[in-house]
Amino acid sequence: MSQSKVRLFVTPSCAYCFTLKEFLKEHNIEFEEIDVSKNKEAREEIIKKSGQLEVPVVEIDGQIVVGFDKEKICKILNIKE
């Protein structure tokens, strides 16, 4: 099974972003971290995809999850808790 492409849109001051990163690391999920506070293009991309500027936003194989929605993320990535 190939690994899902996971992109994580975050800001440094976001507590949920930190928690989400730790959760993904615990489950050995590789992800690309994008700091939207420093990256204007990524900020615009996430507004376009999610309709808002709220972090964290996770993009998993093109599916957007706004916030640390653990249940939805587990379902998409097939993580058994």
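The preceding data block contains the structure.
Residues numbered from 1 in each chain as written. Predicted model: local features only at pLDDT ≥ 70, side-chain atom pairs only at ≥ 80, totals over all residues. Heavy atoms only, no water.

1. Quick word on the pattern of salt bridges
Argument step 1. Scanning all chains against the criterion turns up 10 salt bridges.
Argument step 2. Put simply, arginine 7 and glutamate 45 hold a salt bridge, and the shortest N to O gap is 2.7 Å. One end of the pair, arginine 7, is in strand E1 (residues 6-10); the other, glutamate 45, is in helix H2 (residues 40-50), and 38 residues separate them in sequence.
Argument step 3. Lysine 49 is the salt-bridge partner of glutamate 59, the closest N and O atoms lying 3.0 Å from each other. With glutamate 59 in strand E3 (residues 57-60) and lysine 49 in helix H2, the pair connects residues that are 10 residues apart, well separated along the chain.
Argument step 4. Relative accessible area serves as the criterion here: at 36%, lysine 49 is assigned to the partly exposed category.
Argument step 5. Connected through shared salt-bridge partners, Lys5, Arg7, Glu32, Glu45, Lys49 and Glu59 make up one network. (Salt bridge = Lys/Arg side-chain N within 4 Å of Asp/Glu carboxyl O. Helix = DSSP H or I, 4+ residues; strand = E, 2+ residues; numbered from the N terminus. Buried < 20%, exposed > 50% of the residue type's maximum accessible area, 1.4 Å probe, protein only.)

2. What about the packing of aromatic side chains?
Argument step 1. Counted according to the given criterion, the structure contains 1 aromatic pair.
Argument step 2. With a centroid separation of 5.5 Å and an interplanar angle of 55 degrees, the aromatic rings of phenylalanine 23 and phenylalanine 68 are classed as tilted. Residue phenylalanine 23 is located in helix H1 (residues 15-26), and its partner phenylalanine 68 is located in the loop between strand E4 (63-66) and helix H3 (70-77); the two are separated by 45 residues in the primary sequence. (Phe/Tyr/Trp six-rings, centres within 6.5 Å; stacked < 30°, edge-to-face > 60°.)

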